[in-house]
Amino acid sequence: MAEGGDFTLQSASGPVALKDFRGKVVLLYFGYTYCPDICPVVLFNAGKALEDVPEDKRPVTIFISVDPARDTPEVVRDFAANLHPKMIGLTGSEEQIKAAAQAYKAYYKKQDSTDEFYLVDHSTFTYLVLPGQGFVEFFKREDSAADMASRTACFVSKSTS
């Protein structure tokens, strides 16, 4: 089964579906706001990559929280906005998040803990979704912002030629 597909989750402004961005290039990342190291770095790079892609081909970057117990729509909105003013933060019910993550084969699992400072193990890929094609590529956490921008621009050029 191919990765990708539509989903509907919650932003601080209301429901958001991937299909709302039809015709746009999208970068998706699954993580959580309490992530101590990986999520902020990967999302910072994704935000920086936005600046290196021409305005007319610039992707919409979406951060999807896999920790709905702590990450309310407002918390996710603020977290995403701190990393890039145009980044969109989404969350949802456990079922909604599970469905979105399964569509992209993204892994996450809350670690056992008795306090509010638990960690969530999760995959660290950023998914590139192109209009009319769906999921086409993923970026690893080690990929630089310049590499993300270059590869995104390459995919966008090929898809429009």
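Residues numbered from 1 in each chain as written. Predicted model: local features only at pLDDT ≥ 70, side-chain atom pairs only at ≥ 80, totals over all residues. Heavy atoms only, no water.

Chemist: Where do I start with the overall build of the protein chain in this structure?
Modeler: Helix and strand content of the protein chain: four helices and nine strands. For the protein chain, the succession of helices and strands along the chain, N to C, is β-β-β-α-β-α-β-α-β-β-β-β-α. Taking the principal axes of the C-alpha coordinates as reference, the protein chain spans close to 55 × 30 × 25 Å. The 161 residues of the protein chain split such that 45% are buried. (Helix = DSSP H or I, 4+ residues; strand = E, 2+ residues; numbered from the N terminus. Buried < 20%, exposed > 50% of the residue type's maximum accessible area, 1.4 Å probe, protein only.)

Chemist: Before we go on, may I ask you to explain the environment of D56 in this structure?
Modeler: For D56, the location among the structural elements is in the loop between α1 (38-51) and β4 (60-65). For the pair D56 and K24, spaced 32 residues apart in sequence, the C-alpha to C-alpha distance is 9.6 Å.

Chemist: Just checking my understanding: could you explain the side chain of S65 for this structure?
Modeler: One can find S65 in strand β4. Look at S65 and you get buried, because its relative accessible area is 0%. Among the polar contacts made by the side chain of S65, one reaches the main-chain amide nitrogen of D67 at a distance of 3.0 Å. Reaching out from S65, the side chain makes a polar contact with the side chain of D71 at a distance of 2.5 Å. Those residues in contact with S65 that sit more than four places away from it in its chain are G31, Y32, D71, V76, L90, T91 and I97. (Polar contact = N/O pair within 3.5 Å; in protein donor to acceptor, adjacent residues only side chain to side chain. Contact = heavy atoms within 4.5 Å.)

Chemist: Any chance you could explain the packing of aromatic side chains here in plain terms?
Modeler: What characterises a pair of aromatic rings is the spacing of the ring centres plus the angle enclosed by the ring planes. Inspection of every chain in the model, using the stated rule, returns eight aromatic pairs. Judged by centre distance (5.1 Å) and plane angle (45°), the ring pair of F63 and F79 falls under tilted. Linking F63 in strand β4 with F79 in helix α2 (residues 73-83), this pair joins segments that are 16 residues apart in sequence. Relative accessible area serves as the criterion here: at 15%, F79 is assigned to the buried category. Seen in terms of ring centroids, F125 and F138 are 4.5 Å apart; in terms of plane orientation they differ by 70°. Their pairing is edge-to-face. With a gap of 13 residues between them, F125 in the loop between β7 (120-122) and β8 (126-130) and F138 in strand β9 (residues 134-139) connect regions that are remote in the sequence. For F125, a relative accessible area of 30% gives the class partly exposed. (Phe/Tyr/Trp six-rings, centres within 6.5 Å; stacked < 30°, edge-to-face > 60°.)

Chemist: Which parts of the structure should I look at to understand the side chain of S11?
Modeler: Its location among the elements puts S11 in strand β1 (residues 8-11). Since its relative accessible area comes to 12%, S11 is described here as buried. At a separation of 3.0 Å, a polar atom in the side chain of S11 contacts the main-chain amide nitrogen of S13. Apart from the residues within four sequence positions on either side, S11 is in contact with V16, P73, G89 and L90.

Chemist: Even after reading the chapter, I still don't get the pairing of β4, so can you show me in this structure?
Modeler: Two faces belong to every sheet, and in a regular strand the side chains alternate between them. Most of β4 is tucked away: six of the six residues are buried. Along β4, one buried face is formed by V60, I62 and I64 and the opposite face, lined by T61, F63 and S65, is buried too. Across six bridges, strand β3 (residues 26-31) lies against β4 in parallel orientation. Within the sheet, the bridge partner assigned to F30 lies in β4 and is I64. Where the polypeptide runs from β3 across α1 and back to β4, its parallel neighbour, the crossover connection is right-handed. Relative to strand β5 (residues 88-90), β4 runs parallel, the two sharing three bridges. The partner of I62 across the bridge, within β5, is I88. (Pairing = 2+ DSSP bridges. Right-handed = clockwise from strand over helix to strand, strands pointing away.)

Read these as geometric descriptors, not functional statements.
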